[in-house]
Amino acid sequence: MLEVRPTCEHCNKPLPPDALDARICTYECTFCADCVDRVLGNVCANCGGGFVPRPVRPRTNWKGDNFLGKDPASTNVKHRPVDLKAYAELVAAIGSLPADQR
Ligand SMILES: [Zn+2]
Ligand SMILES: [Zn+2]
């Protein structure tokens, strides 16, 4: 199940479960839309993959106990600001490969 992390890894901005500006990669690395657009250029600093908008987990028990009341969002803050120099090297390495070999 998706962890629904509480903040942006880079700037530590709060990203509550209903935030529309939360972005995640396939490993659930979680960043705000500002950081993804302005700092990361849609390349995850941890895995090199892309991001998608994080879905909202409902706060209402619409069906089958699948809601925040039963499965609360994570409170485990992962504030690991991106090392911009290492990140630039990662992006350069990824960019040197054809798209189907990344
Ligand atoms: Zn951020
Ligand atoms: Zn990632």
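Residues numbered from 1 in each chain as written. Chains lettered and ligands numbered in written order. Predicted model: local features only at pLDDT ≥ 70, side-chain atom pairs only at ≥ 80, totals over all residues. Heavy atoms only, no water.

Draft legend 1. The arrangement of the coordination of the zinc ion (ligand 1) in detail. Distances from the zinc ion (ligand 1) to its protein donors, Cys8 (SG), Cys11 (SG), Cys32 (SG) and Cys35 (SG), fall at 2.3 to 2.4 Å. Because the angles between the four donor atoms bound to the zinc ion (ligand 1) fall within 102 to 119 degrees, the donor set is best described as tetrahedral. Going along the chain, you hit the donors of the zinc ion (ligand 1) in the pattern C-x2-C-x20-C-x2-C. You can see Cys8 sitting in the segment before strand 1 (22-24) and its partner Cys32 sitting in strand 2 (residues 30-32), a full 24 residues away along the chain. Each member of the pair, Cys8 as well as Cys32, is classed as buried. (Donors = N, O, S within 2.8 Å, 3.2 Å for Na, K, Ca; no water. Tetrahedral: all angles 85-135°; square planar, octahedral: opposite > 155°, others 65-115°. Helix = DSSP H or I, 4+ residues; strand = E, 2+ residues; numbered from the N terminus. Buried < 20%, exposed > 50% of the residue type's maximum accessible area, 1.4 Å probe, protein only.)

Draft legend 2. Local environment of the sheet that holds strand 1. Strands sit in the order 2-1-3 across an open sheet of three strands; the sheet is antiparallel. Unpaired on one side and paired on the other, strand 2 and strand 3 (52-53) mark the two borders of the sheet. Two elements, strand 1 and strand 3, share two bridges in a ladder whose sense is antiparallel. For Arg23, the partnering residue across the bridge sits in strand 3 and is Pro53. Where helix 1 (residues 33-40) meets the sheet, its contacts fall on strand 1 and strand 2, and the angle it forms with strand 2 comes to roughly 85 degrees. (Pairing = 2+ DSSP bridges. Contact = heavy atoms within 4.5 Å. Axes fitted to C-alpha atoms, helices over the stretch in contact; angles between N-to-C directions.)

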